[in-house]
Amino acid sequence: MHKRLAALLLAGVAAFVLQTPACAAASDTDLDTRVHALSEQLRCLVCQNQTLADSNADLAVDLRRQIREKLRAGATEADVKDYLVQRYGDFVLYRPPVKPLTYLLWFGPVLLLMSVVFGIVSSRKQQKAPPAEMDADAQARLAALLAASPPEDPRP
């Protein structure tokens, strides 16, 4: 009976020891997935046109490491984002929130496009406007200038 109990206990301990690395590997895979997903939402401050996940800059590597440490310590994705925004500003977010400080960022391209369209439309209206008529005094001066100048010789 004691041999069976010892064997059962040994089998249980062996199963626990063998299962623990698999759980740790699964947990690391989950952590890697969370770090990558969060890194896709953040901008590399060095490259500026790449996400943290895509960048190989030293700062991006360091920020990914910090994200991993904070997530491993139990922080949520929102906590990590808040920390990075507090440290680097809204620029670190690939989709910054719509608020007065970011209005130009969100609405600037639309305003620029509208001003270009308005400029094109108004310049076309000016081109289509009929020429202004001259008043009687201006017509008399023009006629006097044309009469006073000698006719041009059409031959070279």
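All of these numbers come straight from a predicted model, not from anything done at the bench. (Residues numbered from 1 in each chain as written. Predicted model: local features only at pLDDT ≥ 70, side-chain atom pairs only at ≥ 80, totals over all residues. Heavy atoms only, no water.)

### Considerations on the side chain of Ser55
- In this structure, Ser55 sits in the loop between helix 1 (2–40) and helix 2 (58–72).
- Residues in contact with Ser55, not counting those within four places in the same chain, are Cys44, Cys47, Gln50, Ala60 and Arg64. (Helix = DSSP H or I, 4+ residues; strand = E, 2+ residues; numbered from the N terminus. Contact = heavy atoms within 4.5 Å.)

### Notes on the nonpolar core
- Core analysis: the biggest nonpolar cluster contains 17 residues, and Leu42, Leu52, Ile67, Leu71, Val80 and Leu84 have the highest contact counts within it.
- At the level of elements, helix 1, helix 2 and helix 3 (77–88) are the ones that each hand at least two residues to this core.
- Examining the composition of this core, we find that 4 residues originate from one element, helix 2, more than from any other.
- When residues no more than four places from it in sequence are discounted, the contact partners of Leu42 are Gln50, Thr51, Leu52, Ile67, Lys81, Leu84, Val92, Leu93 and Tyr94. (Core = buried A, V, L, I, M, F, W, Y, C linked by side-chain atoms within 4.5 Å. Buried < 20%, exposed > 50% of the residue type's maximum accessible area, 1.4 Å probe, protein only.)

### Some remarks on helix 5 (residues 136–148)
- Compared with an ideal rise of 1.5 Å per residue, which puts 13 residues at 18 Å, helix 5 spans 18 Å between its outermost C-alpha atoms and is within 8% of the ideal.
- Within helix 5, only 1 of the 13 residues are buried, leaving the element largely exposed. (Expected span 1.5 Å × (residues − 1).)

### Details of the confidence of the model for the chain
- When pLDDT is averaged along the chain, the result is 79; 75% of the residues meet or exceed 70.
- Confidence, expressed as mean pLDDT per element, reaches its minimum in the chain at helix 1 with 64 and its maximum at helix 2 with 93.
- Overall, residues 20–26 carries pLDDT values under 50, and its contacts beyond four positions in sequence, including any with other chains, amount to 0 contacts. (pLDDT = per-residue confidence, 0-100.)

### Some remarks on the pattern of salt bridges
- Following the criterion strictly, the structure yields 5 salt bridges and no others.
- Across the salt bridge formed by Asp62 and Arg65, the nearest N and O atoms sit 2.2 Å from each other. Of this pair, Asp62 and Arg65 are both found in helix 2, 3 residues apart, which corresponds to roughly one turn of the helix.
- Overall, Asp62 belongs to the partly exposed group, its relative accessible area being 27%.
- Residue Arg65 is classed as partly exposed on the basis of its relative accessible area of 41%.
- We note a salt bridge from Arg65 to Glu69, for which the minimum N-O separation is 2.9 Å. With a gap of 4 residues between them, Arg65 and Glu69 both fall in helix 2, about one helical turn apart. (Salt bridge = Lys/Arg side-chain N within 4 Å of Asp/Glu carboxyl O.)

### Looking at the packing of aromatic side chains
- Evaluated as defined, the whole model comprises 1 aromatic pair.
- Plain terms: the ring middles of Tyr103 and Phe107 are 5.8 Å apart, the flat faces sit at 55° to each other, and that makes the pair tilted. Taken as a pair, Tyr103 and Phe107 lie in helix 4 (residues 103–128) at a separation of 4 residues, close to a single helical turn.
- Since its relative accessible area comes to 42%, Tyr103 is described here as partly exposed.
- It is Arg43 that lies over the ring of Phe91; its NZ or CZ is 4.8 Å from the centre.
- Just above the ring of Tyr83 sits the side chain of Lys70; from NZ or CZ to the centre is 4.1 Å. (Phe/Tyr/Trp six-rings, centres within 6.5 Å; stacked < 30°, edge-to-face > 60°. Lys NZ or Arg CZ within 6 Å of the ring centre and 35° of its normal.)

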